[in-house]
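Inside the fold
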Amino acid sequence: MFRERPYIGMRGENRARAAQGATLILLVLLALAFGPWFCASASAADSGTRYLEIPAAAANEAAGPQLVRLGLNKSLVIDLPRPAKDVLVSNPKKADAVMRTPRRAYVIGMEVGQTNIFFFDEAGGQIVALDLIVEQDVAALNAMFRKLIPDANISVDAINENVVLSGTAPSPADAGRAADIAGRFAGDPEKVLNMISVEGSDQVYLKVTVGEIQRNAAKQLGVDFDAAINSAGETAFRLITDNPFSIAGQALSSTSAKATYTRNDTTISGIIRMMEENGVLRTLAEPTLAAISGESASFLAGGEFPVPVASDNGEVKIEFKQFGVALAFTPVVLSEGRISLRVKTEVSETSNENAFLLGVGPTALTIPSLKVRRAETTIELPSGGSLVIAGLLQESTKHNLSGLPGAKDMPVLGALFRSRDFQNDETEMVVIVTPYTVNPANRRDLAVPTDNFKPATDRNANLMGHLHELYGVRGSAPDGTYQGRYGFIIK
C-alpha cells in the first residue's frame with residue numbers, strides 16, 4: 001500500500017516533478033518496446049475469450065439475474081465491482097467458474113444447456129447472479145456461409161443442440177447447400193431447421209411436345225386345297241391343306257379367290273388369299289405442367305383398362321392399368337435461369353399382341369397388352385432452353401412361311417402348298433422439353449376457351465344455321481392482328 005506524503009518547500013516539489021517526468025519517459029519507452037506484443041496478446045485473447053464487466057449499479061440482489069450466452073468450450077472473463085468470497089454454480093457439468101483474483105472470474109462452457117452462477121462478497125451479500133446459456137458457437141458457421149455463399153444473407157441461431165437457419169438465399173440450390181453445411185456442422189441433418197427464404201422464382205413451368213409416327217405394313221399370300229380323287233369307285237384319296245397365317249393369327253380380311261375342278265368323281269378346289277395392309281398412326285401431345293422447385297408433377301392423357309388380379313383369400317379384384325401419353329418431372333432451380341430437370345415421358349397403347357385370354361368359350365375375357373415407348377433422363381437447361389430427345393426409333397420385321405413339308409420348298413409349285421405372312425412395323429418418337437421459371441399470374445390476366453361464348457338465337461340457328469352468335473360490323477377492324485379478309489367475329 002502506498003501512502004501519500006506532503007511536499008515541503010520548493011526543493012521537494014521540484015524533486016516530485018522530476019520523478020513524474022522520469023516515470024512518464026519510462027512508460028513511453030516500455031510502450032515502444034513492448035507495444036506490439038501487448039496488442040498481439042489482446043487480439044489473441046479477444047478472438048477466443050469474451051469479457052463481461054459488471055457495473056456497480058447492477059451488483060446487488062435487487063438488480064435480478066443477467067442473461068448471458070456462452071459458446072460451447074468457450075470462456076468468459078467477468079470483472080466484478082467488488083471482491084468476491086464465494087462462487088456458486090448450480091450445474092457444474094454445464095459450466096465451470098474459476099476465481100483468478102477476488103474481482104476477476106473465468107467461466108468456461110462445458111456442455112450445452114443452462115445453469116446459474118452466483119457471486120457473493122465477504123459479508124455473504126450477493127454481488128451478481130447470472131443465467132448462463134451454453135450453446136453451440138455458430139460464429140464459425142456464419143463465417144463459412146459468408147465465404148462459400150457470399151450472395152446469400154443467412155443468419156444462424158442455436159437452440160440447445162439444434163441449428164436454426166433464417167434469412168434469404170438467391171436460389172433454392174444455395175438454400176440447400178446452406179442446409180447441408182449446417183447438417184455437417186451439427187452432426188445430424190435432423191438437428192437443422194431450414195427457414196431460409198428464396199429470393200428468386202422457384203416455380204417451374206414445363207412444356208413438352210411428344211410426336212410419334214407409326215408405320216406398319218402387312219402382306220399375306222396363302223393357298224389352301226381340298227381335293228377328293230376317286231378311281232373306279234374302289235380307291236378314294238382326299239387332300240386337304242389349311243395353312244394359317246402365323247404372325248397375325250388370322251387373315252387380314254375374308255377376301256379370297258376360289259377355283260374348282262370337277263371330273264367324274266374327282267373334285268379339286270383351291271382357295272387363294274392374297275392381302276396387303278398399310279397403316280399410319282400419328283400421335284401428338286403437348287402437355288404443360290407447373291411445379292415448385294424440388295417437387296414432382298405428373299400428367300396423363302389417355303385412359304385405364306381393368307385387369308383382374310387374384311388375392312390371397314381366393315377373391316378376384318380389379319386393378320386399372322394406365323395407358324396413353326404420360327409425363328412426370330421434378331425440377332430444381334439451381335440459380336436464376338438455370339434449372340436441373342428430371343423428366344420421364346411415356347407413350348403407351350393397348351394391343352392384342354401378347355394378349356392374355358382368361359377363361360374358355362364365349363365368356364372368355366381378353367386382357368390386352370401394352371405397347372410402351374418410354375424415355376427418362378436428368379438434364380440441366382437455362383430457362384427457355386429446349387432439349388430434344390430423339391433417336392427413339394424402332395423397327396420390327398416378321399416373316400413366316402407355313403405349309404406342307406417338302407412341297408412348300410419347291411421353287412415355283414411350292415407357292416401352292418404354303419402361306420406367307422409378312423409384317424413390318426416402324427416407330428419413331430421425338431420429345432421436346434422446354435422449362436421456364438415463372439411467377440404466379442393474376443386471375444384477370446388469364447383466359448379460358450369458354451370466355452365470351454354465346455350460343456346463337458333460335459332464329460339464327462333455324463334460319464341461318466349458326467351455332468354461335470355473330471357480332472360486329474362488316475368492314476370494321478376488331479382488336480388484335482388478323483390476316484386475310486375479316487369482318488364478322490364468331491364468339
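What comes next is a walk through the structure. The structure displayed is predicted, hence computed values, not measured ones.

On to the overall build of the protein chain, then. Broken down by element type, the protein chain carries four helices and 24 strands. By residue count, 28% of the 491 residues in the protein chain fall in the buried class. Just so you have it, the protein chain exposes about 32,500 Å², and 54% of that area is on carbon and sulfur atoms.

The subject of this paragraph is the sheet that holds strand E7 (residues 113–120). Backbone hydrogen bonds are what pair the strands of a sheet, in a parallel or an antiparallel way. The strand order E2-E8-E7-E4 describes an open sheet built from four strands, whose pairing is mixed. Each edge of the open sheet is held by one strand with a lone partner, namely strand E2 (66–71) and strand E4 (86–89). Averaged over all pairs of adjacent strands, the angle between strand axes in this sheet comes to 25°, irrespective of strand direction. As paired elements, E2 and strand E8 (residues 126–135) share six bridges and run parallel to each other. Each residue of the ladder has a partner; that of Leu67, found in E8, is Asp131.

Next up on the list: the packing of helix H2 (residues 139–148) against helix H3 (residues 172–186). Viewed as axis vectors pointing N to C, H2 and H3 meet at an angle of 150°, and their least axial separation amounts to 11 Å. Crossing geometry of H2 relative to H3 is assigned as right-handed. Residue-level contacts link Leu141, Met144, Phe145 and Leu148 of H2 to Ala178, Ile181, Ala182 and Phe185 of H3. Looking at the contact of H2 with H3 residue by residue, the classes come out as eight nonpolar, no polar and no charged.

Moving on: the nonpolar core. When a protein is soluble and globular, its nonpolar side chains tend to lie buried together. Ranked by size, the top nonpolar core spans 23 residues in total, and within it Leu206, Val208, Val210, Phe329, Leu341, Val431 and Val433 carry the most contacts. Sequence-distant contacts of Val433, defined by excluding residues within four places in its chain, comprise Leu206, Lys207, Val208, Leu341, Val343, Leu381, Gly385, Ser386 and Leu387.

Bringing the packing of aromatic side chains into the picture now. Taken as a whole and assessed by the stated rule, the structure comprises three aromatic pairs. Taking the centre distance of 6.4 Å and the plane angle of 20° together, the rings of Phe118 and Phe120 count as stacked. By relative accessible area, Phe120 is classed as partly exposed at 22%. When the ring of Phe305 is compared with that of Phe323, the centres are 6.1 Å apart and the planes differ by 45°; the resulting orientation is tilted.

The mixed open sheet is built from three strands, whose spatial order is E9-E10-E11. Edge positions in the open sheet fall to strand E9 (153–159) and strand E11 (192–198), since each of these has one partner strand only. Taking each pair of neighbouring strands and ignoring which way they run, the sheet shows an average axis angle of 10°. Direction of pairing for E9 relative to strand E10 (residues 162–169): antiparallel, over a ladder of seven bridges. Within the sheet, the bridge partner assigned to Ile154 lies in E10 and is Gly167. Sheet strands in contact with H3 are E9, E10 and E11, and its direction is about 160° off that of E11.

Looking at the element boundaries, Glu135 is found in strand E8. A distance of 3.1 Å separates polar atoms of two side chains, one belonging to Glu135 and the other to Arg69. Glu135 has contacts with Arg69, Leu70, Gly71, Leu72, Val112 and Ala158, leaving out every residue within four places of it along the chain.

What follows concerns H3. With 15 residues, H3 ought to run about 21 Å at 1.5 Å a step, and its terminal C-alpha atoms sit 21 Å apart, in line with that. What H3 keeps buried is the set Pro172, Ala173, Asp174, Ala175, Ala178, Ile181, Ala182, Gly183 and Ala186.

Buried residues of H2: Leu141, Asn142 and Phe145, and no others. Each buried residue of H2 sits inside an arc of 100° when the element is viewed along its axis, so together they form one side. Opposite the buried face of H2, at more than 90 degrees from it, the exposed residues are Arg146 and Lys147. Those residues of H2 that are buried lie in contact with E9, E10 and H3.

Generally, phi is negative for residues other than glycine and the peptide bonds are trans, each holding for most cases. Phi is positive for Asn73, close to 65°, though the residue is something other than glycine. Along the polypeptide, Asn73 turns up in the loop between E2 and strand E3 (75–79).

The rules we used
- Residues numbered from 1 in each chain as written.
- Predicted model: local features only at pLDDT ≥ 70, side-chain atom pairs only at ≥ 80, totals over all residues.
- Heavy atoms only, no water.
- Helix = DSSP H or I, 4+ residues; strand = E, 2+ residues; numbered from the N terminus.
- Buried < 20%, exposed > 50% of the residue type's maximum accessible area, 1.4 Å probe, protein only.
- Areas by Shrake-Rupley, 256 points an atom, 1.4 Å probe, with all protein chains shown as cover.
- Pairing = 2+ DSSP bridges.
- Axes fitted to C-alpha atoms, helices over the stretch in contact; angles between N-to-C directions.
- Left-handed = near helix turned anticlockwise from the far one by under 90°.
- Contact = heavy atoms within 4.5 Å.
- Nonpolar A, V, L, I, M, F, W, Y, C, P; charged D, E, K, R; others polar.
- Core = buried A, V, L, I, M, F, W, Y, C linked by side-chain atoms within 4.5 Å.
- Phe/Tyr/Trp six-rings, centres within 6.5 Å; stacked < 30°, edge-to-face > 60°.
- Polar contact = N/O pair within 3.5 Å; in protein donor to acceptor, adjacent residues only side chain to side chain.
- Expected span 1.5 Å × (residues − 1).
- Arc of directions from axis to C-beta.

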